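Examination of the molecular architecture
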Amino acid sequence: MTRNADRPADPAAVTVSLAAEAAVLEGRIGILREAIDEVDAQIHAVCDRIRRLERPMAASGDGESPPGEGSGTGLTSSPAGRP
């Protein structure tokens, strides 16, 4: 907000301008909070999926699937032992 140095600022106009800017910023804060909540929910969903994938691997003992079977990820080992 710029003003002419020769003319003093009208306090009422400054107040209205600042109130308008505050309203815009509050709207942006709401949008950002919603986006953060969405990302947080996605993080929790991915963590849950990872935990479910880790359970079968931990139960098998050494963490490797028997030959010809996937690891719970839908992938199968190649003949060379690489997924």
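Anyway, here's the lowdown on the structure attached to this text. Throughout this document, residue positions are counted from 1 along each chain, in the order its sequence is written. It should be noted that, the model being predicted, local features are given only for residues of pLDDT at least 70 and side-chain atom pairs only at 80 or more, the latter also being counted only at that level, while totals for whole chains, interfaces and linings use all residues. Side-chain measures here rest on the full set of heavy atoms in the structure, leaving out hydrogens and waters.

As for the overall build of the chain
A run of H or I in DSSP counts as a helix once it spans at least four residues, and a run of E counts as a strand once it spans at least two, with each numbered from the N terminus. A tally of regular secondary structure across the chain gives one helix and zero strands. Here's how the labels work: a residue is buried when its accessible area is under 20% of the maximum for its type, exposed when over 50%, partly exposed in between, all with a 1.4 Å probe on protein chains only. The buried share of the chain, reckoned over its 83 residues, is 0%. Only the protein chains shown count as cover for residues, with accessible areas throughout obtained via the Shrake-Rupley method and a probe of 1.4 Å. By element, 59% of the accessible surface of the chain is carried by carbon and sulfur atoms, the whole surface being about 7300 Å².

Concerning the pattern of salt bridges
For this document, the term salt bridge refers to a Lys or Arg side-chain nitrogen within 4 Å of an Asp or Glu carboxyl oxygen. Summed over all chains, the structure comprises one salt bridge. A salt bridge links arginine 51 to aspartate 48; the shortest N-O distance between them is 2.6 Å. With arginine 51 and aspartate 48 both in helix H1 (residues 11-59) and three residues apart, this pair spans about one turn of that helix. The partly exposed category is assigned to arginine 51, whose relative accessible area is 44%.

A closer look at a negative patch on the surface
Only residues above 30% relative accessible area that lack a salt bridge enter a patch, with like-charged residues linked at up to 9 Å and the nonpolar side chains Val, Leu, Ile, Met, Phe, Trp and Tyr linked at up to 5 Å. Charge assignment: positive for Lys and Arg, negative for Asp and Glu; neither His nor the chain ends contribute. To locate a charge, the coordinates of NZ of Lys, CZ of Arg, CG of Asp or CD of Glu are taken. Taken together, Glu34, Asp37, Glu38 and Asp40 make up a surface patch of like negative charges. Relative to the assigned elements, aspartate 40 resides in helix H1.

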